[in-house]
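# Report on the structure
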Amino acid sequence: MDKYDKQALQVAKEVIIKFIEVGRISPSNFGQNFDVIYKDIMRTITGVTAGDAPVGIDSAEEGE
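Residues numbered from 1 in each chain as written. Predicted model: local features only at pLDDT ≥ 70, side-chain atom pairs only at ≥ 80, totals over all residues. Heavy atoms only, no water.

### Thoughts on the pattern of salt bridges
- Tallying each qualifying case throughout the model produces three salt bridges.
- Between Lys39 and Asp35 there is a salt bridge; the shortest N-O distance is 3.6 Å. Pair noted here: Lys39 and Asp35 are both in helix α2 (residues 30-46), with a separation of four residues, about one helical turn.
- On the basis of relative accessible area, Lys39 is assigned to the partly exposed category, the value being 32%.
- A relative accessible area of 38% means that Asp35 is categorised as partly exposed. (Salt bridge = Lys/Arg side-chain N within 4 Å of Asp/Glu carboxyl O. Helix = DSSP H or I, 4+ residues; strand = E, 2+ residues; numbered from the N terminus. Buried < 20%, exposed > 50% of the residue type's maximum accessible area, 1.4 Å probe, protein only.)

### Observations concerning the packing of helix α1 (residues 3-22) against α2
- It is at 9 Å that the axes of α1 and α2 come closest, and there the two elements cross at 135°. In terms of axis orientation, α1 runs oblique to α2. With respect to the hand of their crossing, α1 and α2 are arranged in right-handed fashion. Facing α1, whose interface residues are Tyr4, Asp5, Gln7, Ala8, Leu9, Val11, Ala12, Lys13, Val15, Ile16 and Phe19, α2 presents Phe30, Asn33, Phe34, Ile37, Tyr38, Ile41, Met42, Ile45 and Thr46. (Axes fitted to C-alpha atoms, helices over the stretch in contact; angles between N-to-C directions. Parallel < 35°, antiparallel > 145°, perpendicular 65-115°, else oblique. Left-handed = near helix turned anticlockwise from the far one by under 90°. Contact = heavy atoms within 4.5 Å.)

### Observations regarding the packing of aromatic side chains
- Applying the stated criterion across every chain, the model contains two aromatic pairs.
- A ring pair is formed by Phe34 and Tyr38, whose centres lie 6.3 Å apart and whose planes are at 5°; its orientation type is stacked. Highlighted residues: Phe34 and Tyr38, both in helix α2, separated by four residues, approximately one helical turn.
- According to the relative accessible area criterion, Tyr38 is buried, its value standing at 16%. (Phe/Tyr/Trp six-rings, centres within 6.5 Å; stacked < 30°, edge-to-face > 60°.)

### Thoughts on the nonpolar core
- Core analysis: the biggest nonpolar cluster contains eight residues, these being Ala8, Ala12, Ile16, Ile25, Ile37, Tyr38, Ile41 and Met42.
- Elements that contribute at least two residues to this core include exactly α1 and α2.
- When residues in this core are grouped by element, the largest group, four residues, is from α2.
- Look past the residues within four positions of Ile25 in its chain and what remains in contact with it is Ile16, Phe19, Ile20, Phe30, Asn33 and Ile37. (Core = buried A, V, L, I, M, F, W, Y, C linked by side-chain atoms within 4.5 Å.)

Written out as structure tokens, the structure is:
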């Protein structure tokens, strides 16, 4: 796990905790929300979301 992953996990955890405190997220929908928040934070930090192709590379070009 690199430093960006650790930072994104920490920020996502803090955001989720705050949303739970104010009642926007409950334990029953935690999984759905954490995934979305974590991916948004990763996209903000790195410009790439887990599973996305690097910027400027199309999926068709990867196979070549």
